[in-house]
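# Remarks on the overall topology
Okay, here's what each chain looks like letter by letter:
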Amino acid sequence: MHPATAKWYDRRDSVFIEFCVADSKDLKINFDKTKCGFSCLGGTDNVKHENEMDLFEAIDEKESKHKRTDRSVLLYLRKAQPGKPWPRLTKEKAKVSWLSVDFNNWKDWEDDSDEEMGNFDQFSDMMNNMGGEEDLPDLDGADEDESADSDDEKMPDLE
């Protein structure tokens, strides 16, 4: 029996855990208020995987769900207290060898503010409202050869 490797990331109202087990069968997932359990048979060798963890904070076990694909099993844990960031997934501070942070999906949502998003929307609108080439100012013949420096000399031909 081996623990399945997993990646996790935090959102404002939920936590996601992806167990990386291909071709999983006999899936068993237990959501408890402060615990989460996962077990399955995986791969062509039907290796038994089992993971049990005490969670950092409480979850709403009735609203928590999972989805199985051919490559992994994704758990959606609904936080009991939305809006509170989880600095880690487990209650213990010790590093768990089979668990890592999913930096591809990680988002520092606690730093987000409506003001910053409003600024982004204004910037986006400004970019969309900009005209095409006909709206560019005349650059006083910048493409013409007259603008060459006076100390530029003709380069010799290559042989």
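Note: the structure precedes this text.
Residues numbered from 1 in each chain as written. Predicted model: local features only at pLDDT ≥ 70, side-chain atom pairs only at ≥ 80, totals over all residues. Heavy atoms only, no water.

## Thoughts on the sheet that holds strand β3 (residues 25-31)
- Ordered by their spatial adjacency, three strands build an open sheet running β3-β4-β5, and the pairing between neighbours is antiparallel. Every other strand in the sheet has two partners, leaving β3 and β5 (47-54) as the edge strands with one partner each. Here the strands of the sheet are splayed against their neighbours by 5° on average, with no regard to which way each runs.
- Sheet topology places β3 next to strand β4 (residues 35-42); five bridges connect them, and they run antiparallel. Counted as the bridge partner of F31 is C36 from β4. (Pairing = 2+ DSSP bridges. Helix = DSSP H or I, 4+ residues; strand = E, 2+ residues; numbered from the N terminus. Axes fitted to C-alpha atoms, helices over the stretch in contact; angles between N-to-C directions.)

## Thoughts on the packing of aromatic side chains
- On inspection of all chains with the given rule, the structure shows six aromatic pairs.
- Connected via pairs of aromatic rings, a cluster forms that spans Y9, F16 and Y76. (Phe/Tyr/Trp six-rings, centres within 6.5 Å; stacked < 30°, edge-to-face > 60°.)

## A look at the pattern of salt bridges
- For the structure shown, the criterion picks out five salt bridges.
- Between E57 and K84 there is a salt bridge, and its shortest N-O distance comes to 3.2 Å. In this pair, E57 sits in the loop between β5 and β6 (65-68) while K84 sits in the loop between β7 (73-78) and β8 (99-101), placing the two residues 27 residues apart along the sequence.
- The class for E57 is partly exposed, based on a relative accessible area of 23%.
- For K84, a relative accessible area of 35% puts it in the partly exposed group. (Salt bridge = Lys/Arg side-chain N within 4 Å of Asp/Glu carboxyl O. Buried < 20%, exposed > 50% of the residue type's maximum accessible area, 1.4 Å probe, protein only.)

## What about the sheet that holds β8?
- Ordered in space as β6-β7-β2-β1-β8, the five strands form an open sheet in which the pairing is mixed. The open sheet has two free edges, formed respectively by β6 and β8, since each of these has just one partner strand. Along the sheet, successive strands turn relative to each other by an average axial angle of 20°, direction set aside.

## Points about unusual backbone geometry
- One non-glycine residue, D23, lies in positive phi territory at about 50°.
- Along the chain, D23 turns up in the loop between β2 (14-19) and β3.
- Residue class for D23 comes out partly exposed when judged on its relative accessible area of 37%.
- Even without being a glycine, N46 presents a positive backbone phi close to 50°.
- The class of N46 is partly exposed, set by a relative accessible area of 36%.

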